[in-house]
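Chain by chain, the residues run as shown.
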Amino acid sequence: MVSLDFQCIKTTQVEVLLNGPPCQPFNPSRGIRQGDPFSPYLFIIAIESLSRKLASYEQNRTITGIKIVRGAPKINHLLFADDCLLFSKANLDQTRALLEVIEEFSQCSGQVINFNKSSVYFSNNVSPSSAETLASILQVPIMDPKEKYLGLPFFIGRNERAHLSVLLENMDTRLSKWNASNLPEPGSTVMVKHVLNGIPFHYMISFKFPDQTIKDLISIQGKLWRRMNSNKGVVISWTNLSRDKEEGGLGFRAFRVFNKSLLSKSAWKLCYGNSEIWFKSMEAKY
């Protein structure tokens, strides 16, 4: 496998366009270029070794993960794109073992973790003094409880509407940069359908939006499309605008229906994805 990978990299030739015609081809000697389509596959191969190492440490209880409820599988790492979430007990032995795994992975793969962009979170059962000691060993700051990941807060309480207010602020910020009064109706329609309609997508996969939040989203979009300085379009209800073009509407996204469809897709995966870890965790909890 390694020889095949190197063959794919070493046999590549690059030609640079200089004032029109290409220069003499040459072989890159500093690895693959940025944006090379082969790069993600190499990253997956490298990160697979880290995942298997952490899984073996979980089996021999060197780094024990967490489980959401009794009977659920333990998880000591989660990977998403180039981000990694690591879970362990808050003690010196597992902290040092975690650093050893990271150091070994960095030496073997050449991938260096940016500790300045990393953070650590401790449960309420860990004393502040112990948390500061372990954070200093890891050389990463303690996470702010209001920290976000991919635009979503890490920790959400019972008041979901308060956390979803960040989404509304984001849309308001986008809207404040556009002068809707100078946009023609087709331009406003494109902005709503392809920009504002896409902002809540990631949120709706995970949460059922309260009715008031959906009303606020519709209100924000209506301000742009109806152009607040004009009365044009006010007589048309947003329900009619959300209909398909074949039915006389403009095809705007109906957030309530769209939210339910995304959650239904997740429920379908939950019912038929019985080999996945998140399915086993949800099954143990509910």
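Residues numbered from 1 in each chain as written. Predicted model: local features only at pLDDT ≥ 70, side-chain atom pairs only at ≥ 80, totals over all residues. Heavy atoms only, no water.

Participant: Can you walk me through the overall build of the protein in this structure?
Facilitator: Counting its regular elements, the protein contains eleven helices and four strands. Taken over 286 residues, the protein has a buried fraction of 26%. Relative to all contacts within the protein whose residues are 6 or more apart in sequence, the contacts with residues 24 or more apart total 55%. Approximately 19800 Å² of the protein is accessible, and the part contributed by carbon and sulfur atoms is 54%. (Helix = DSSP H or I, 4+ residues; strand = E, 2+ residues; numbered from the N terminus. Buried < 20%, exposed > 50% of the residue type's maximum accessible area, 1.4 Å probe, protein only. Contact = heavy atoms within 4.5 Å. Areas by Shrake-Rupley, 256 points an atom, 1.4 Å probe, with all protein chains shown as cover.)

Participant: In this structure, what is going on with the pairing of strand 1 (residues 77–80)? I would like to understand it.
Facilitator: In the case of a regular strand, side chains alternate between the two sheet surfaces. One ladder, built from four bridges, connects strand 1 with strand 2 (residues 83–86); its direction is antiparallel. Paired with Phe-80 across the bridge in strand 2 is Asp-83. The turn joining strand 1 and strand 2, which pair antiparallel and follow one another in sequence, is formed by two residues; a positive phi near 55° is taken by Ala-81. (Pairing = 2+ DSSP bridges.)

Participant: Please explain the packing of aromatic side chains as it appears in this structure.
Facilitator: To describe a pair of aromatic rings, you give the distance between the ring centres and the angle between the ring planes. The final tally for this structure, using the stated rule, is one aromatic pair. Between Phe-201 and Phe-258, the ring centres sit 5.8 Å apart and the planes meet at 40°, which makes this aromatic pair tilted. With a gap of 57 residues between them, Phe-201 in helix 7 (residues 201–206) and Phe-258 in helix 10 (residues 255–272) connect regions that are remote in the sequence. Under the relative-accessibility criterion, Phe-201 is labelled partly exposed at 36%. (Phe/Tyr/Trp six-rings, centres within 6.5 Å; stacked < 30°, edge-to-face > 60°.)

Participant: Help me understand the pattern of salt bridges in this model?
Facilitator: Opposite charge on two side chains lets them pair, provided their charged atoms get close. All chains considered together, the criterion is met by three salt bridges. For Arg-52, the salt bridge goes to Glu-48, with nearest N and O atoms at 2.9 Å. Note that Arg-52 and Glu-48 are positioned in helix 2 (residues 39–59) at a spacing of four residues, about one turn of the helix. (Salt bridge = Lys/Arg side-chain N within 4 Å of Asp/Glu carboxyl O.)

Participant: What is the right way to read the nonpolar core from this model?
Facilitator: Across soluble globular proteins, nonpolar side chains show a tendency to be buried alongside one another. Formed by 23 residues in total, the largest nonpolar core has its most connected members in Leu-167, Met-171, Met-204, Phe-209 and Leu-217. Taken together, the elements giving at least two residues each to this core come down to helix 5 (160–176), helix 7, helix 8 (211–226) and helix 10. Discounting residues that sit within four places of it in the chain, Met-171 has contacts with Leu-196, Ile-199, Pro-200, Leu-217, Ile-220 and Gln-221. (Core = buried A, V, L, I, M, F, W, Y, C linked by side-chain atoms within 4.5 Å.)

Participant: Would you explain a nonpolar patch on the surface in this entry?
Facilitator: On the surface, Leu-78, Leu-85, Tyr-121, Phe-154 and Phe-155 cluster together into a nonpolar patch covering about 410 Å² of accessible area. Looking at the element boundaries, Phe-154 is found in the loop between strand 4 (152–153) and helix 5. (Patch = residues over 30% accessible without salt bridge, like charges linked within 9 Å, V, L, I, M, F, W, Y side chains within 5 Å.)

Participant: Is there a simple way to explain the packing of helix 2 against helix 3 (residues 92–109) in this structure?
Facilitator: Between two packed helices, the angle of one axis relative to the other and the distance separating the axes together describe the packing. For the pair helix 2 and helix 3, the least separation of the axes is 10 Å and the interaxial angle reads 155°. Relative to helix 3, the element helix 2 lies roughly antiparallel. In terms of crossing hand, the pair formed by helix 2 and helix 3 is right-handed. Seen from helix 2, the contacting residues are Ala-46, Ile-47, Ser-49, Leu-50, Lys-53, Leu-54 and Tyr-57; seen from helix 3, they are Ala-97, Leu-98, Val-101, Glu-104, Phe-105 and Ser-109. Looking at the contact of helix 2 with helix 3 residue by residue, the class counts come to nine nonpolar, two polar and two charged. (Axes fitted to C-alpha atoms, helices over the stretch in contact; angles between N-to-C directions. Parallel < 35°, antiparallel > 145°, perpendicular 65-115°, else oblique. Left-handed = near helix turned anticlockwise from the far one by under 90°. Nonpolar A, V, L, I, M, F, W, Y, C, P; charged D, E, K, R; others polar.)

Participant: When you look at helix 2 in this model, what are you seeing that I'm missing?
Facilitator: Along an α-helix, residues three or four apart share an orientation, since each turn contains 3.6 residues. Its 21 residues place the ends of helix 2 31 Å apart at the C-alpha level, agreeing with the 30 Å of an ideal helix rising 1.5 Å per residue. Buried within helix 2 we find Ile-47, Leu-50, Ser-51, Leu-54, Tyr-57 and Glu-58. For helix 2, the arc enclosing every buried residue in end-on projection is 115°, short of the 170-degree limit, so these residues lie on one face. Helix 2 presents Tyr-41, Arg-52 and Gln-59 as exposed residues on the side facing more than 90 degrees away from its buried surface. The secondary structure elements touched by the buried residues of helix 2 are strand 1, strand 2 and helix 3. Just downstream of helix 2, Arg-61 is the residue with a positive phi angle, here 65°. (Expected span 1.5 Å × (residues − 1). Arc of directions from axis to C-beta.)

Participant: Is there a simple way to explain the confidence of the model for the protein in this structure?
Facilitator: Caution applies to low-pLDDT regions: their predicted coordinates should not be interpreted in detail. The pLDDT averaged across the protein works out to 78; a share of 85% of its residues lies at or above 70. Of all helices and strands in the protein, the one with the weakest mean pLDDT is helix 1 (residues 2–10) (68), whereas helix 4 (residues 128–138) scores best (89). (pLDDT = per-residue confidence, 0-100.)

Participant: Sorry if this is basic, but what is going on with the packing of helix 3 against helix 4 here?
Facilitator: Helix 4 packs onto helix 3 with a crossing angle of 20° between their chain directions and a minimal axis gap of 10 Å. The orientation of helix 3 with respect to helix 4, classified from their angle, is roughly parallel. Considering the relative orientation of helix 3 and helix 4, their crossing is right-handed. Where helix 3 approaches helix 4, its residues Leu-92, Thr-95 and Leu-99 are matched on the opposing element by Leu-134, Ile-137 and Leu-138. Per-class residue counts for the contact of helix 3 with helix 4 are five nonpolar, one polar and no charged.

Participant: Help me out: how do you make sense of helix 10 in this one?
Facilitator: The end-to-end C-alpha separation of helix 10 is 26 Å, in line with the 26 Å expected for 18 residues at 1.5 Å each. Residues of helix 10 that are buried include every one of Phe-255, Phe-258, Asn-259 and Leu-262, and no others. Seen along its axis, helix 10 keeps its buried residues to an arc of 105°; they face one direction. In helix 10, the exposed positions angled more than 90 degrees off the buried face are occupied by Val-257, Lys-260, Trp-268, Cys-271 and Tyr-272.

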